Amino acid sequence: MGSSSTQPSKKYQLDCQYLKSCFSGDDVNNKQKLVELLISRSQQELKLIQQTYTTLYNQDLLRALAGIRRNDTFADLVYLRLSEPQDRDAEIVRDALFGGRVDLNAVIEVACTRSSLELHSVKQAYRLRYNSDVEQDITLKTQVGFKEILLAVLKSSRKYGSRVGRSMAMCDAKTLYEAMESGAFVDWKAIISLMSERNTGQFKAILSSYKELYGQEFSKFLKCNKCGKFGKEIRAVVRGIQYPERFLAKQLNRARQNGNAREVVARIILSRLEVDIKNISNVFAAKTGWSLGNLVRKEFNTVGCRNRHALAADFLLGLLKRSC
């Protein structure tokens, strides 16, 4: 009994020694071994590694990585992998809003592909980390249109504990239809109000009921001429809520076409590993003819950057192989 209870501790101590060695020097062999170790560790084991690191070195591992991650791609990925999901998402939103040019796609990605419970946790983490309210910051940094839609989605996260009700979903689907068919103009106020008062699970049920009642997706109705630009913006958000794997595959493809996919690839893989990365990978392959692994190789193994990004590529590819 005694030897088995101490064995995990020794294992995590060794992991911590590799971490300390790799990020305080240039030992390539140790770094390759660290890649293999981190790929094989579960989320719970990663938490134990962080605890062990603090015990051994009297230093927070994430704080140590934070000091070098901006100039070390592999360290950045390890930092993101070790971070709690709500902290990682809070940072994604903060960087998207205040990292220079506002990255609206990244904000929409977090707001629309997370559950109401997850969004509630992200809002709390954001407030704790940045002493600021995410809804106020979105109001400050985004333009009319998406601003109103995103605030409605974030407000709905307060209903994270509500159960999904089919009869309510059918009634709400009729409300959506009436808002669309209320005359020459769409009743956007009614639609936004509904989005703000129903959690993600309930809103998905509404969209399913809408198709059942009226024969096609609500998002297709939003493509009609009278919906205009605001309808296009709501459609993007609705599609993200209803089909997150399709939305994220589209994010990857857009970034691939723009030639700046490295950050998007890392963000989506690391945030969706334990959620739906296999589905995203399948949708992406069906849409583009590319495997997600080949996109990683293209973005992280570019000519002239092989040595700089090789470990990051190996890390992401290993995580994909384990999850897909």
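Residues numbered from 1 in each chain as written. Predicted model: local features only at pLDDT ≥ 70, side-chain atom pairs only at ≥ 80, totals over all residues. Heavy atoms only, no water.

K.L.:
Even after reading the chapter, I still don't get the overall build of the protein, so can you show me in this structure?
P.N.:
A count of helices and strands for the protein gives 20 helices and zero strands. Over its C-alpha trace the protein gives a radius of gyration of 22 Å, about what one expects of a compact globule, namely 20 Å for 324 residues. In terms of overall dimensions, the protein has a C-alpha envelope of 70 × 45 × 40 Å along the principal axes. In the protein, which comprises 324 residues, the proportion classed as buried is 48%. For the protein, long-range pairs separated by at least 24 residues make up 68% of all intrachain contacts whose partners lie at least 6 apart in sequence. Across the protein, the 52 positively charged side chains and the 34 negatively charged ones have centroids separated by 3 Å. (Helix = DSSP H or I, 4+ residues; strand = E, 2+ residues; numbered from the N terminus. Rg over C-alpha atoms; globule rule 2.2 N^0.38 Å. Buried < 20%, exposed > 50% of the residue type's maximum accessible area, 1.4 Å probe, protein only. Contact = heavy atoms within 4.5 Å. Lys, Arg positive; Asp, Glu negative; His and termini not counted. Charge placed at Lys NZ, Arg CZ, Asp CG, Glu CD.)

K.L.:
Would you take a moment to explain the packing of aromatic side chains for this structure?
P.N.:
This structure, assessed with the given rule, holds eleven aromatic pairs. A ring pair is formed by Tyr 177 and Phe 221, whose centres lie 6.5 Å apart and whose planes are at 85°; its orientation type is edge-to-face. With Tyr 177 in helix α11 (residues 166-180) and Phe 221 in helix α14 (residues 218-221), this residue pair connects regions lying 44 residues apart in the sequence. Overall, Tyr 177 belongs to the partly exposed group, its relative accessible area being 29%. Lying over the aromatic face of Tyr 57, Lys 20 brings its terminal NZ or CZ to 5.0 Å of the ring centre. Its end group placed over the ring of Phe 98, Arg 94 keeps NZ or CZ at 4.3 Å from the ring centre. (Phe/Tyr/Trp six-rings, centres within 6.5 Å; stacked < 30°, edge-to-face > 60°. Lys NZ or Arg CZ within 6 Å of the ring centre and 35° of its normal.)

K.L.:
Explain the layout of surface pockets to me, please; I cannot follow it from the model alone.
P.N.:
Empty space within the largest pocket amounts to approximately 990 Å³. Mapped by element, the contributors of at least two residues to the lining of the largest pocket are α5 (73-82), α6 (85-98), α7 (104-113), α16 (244-258), α17 (262-272) and α20 (306-323). Each residue belonging to the lining of the largest pocket can be placed in one class, and the counts come to twelve nonpolar, eight polar and 14 charged. Considering the residues around the second largest pocket, the lining is formed by 25 residues, among which Phe 146, Lys 232, Ala 236, Lys 250 and Arg 254 are closest to the centre. Ranked by residues supplied to the lining of the second largest pocket, first place goes to helix α15 (residues 228-242) with six residues. The class makeup of the residues in the lining of the second largest pocket is ten nonpolar, four polar and eleven charged. (1 Å grid on protein atoms, 1.4 Å probe; cavity = no way out; pocket = protein on both sides within 12 Å on 5 of 7 lines; lining within 4 Å. Points joined across faces, edges and corners; volume = space filled by probe spheres on them. Nonpolar A, V, L, I, M, F, W, Y, C, P; charged D, E, K, R; others polar.)

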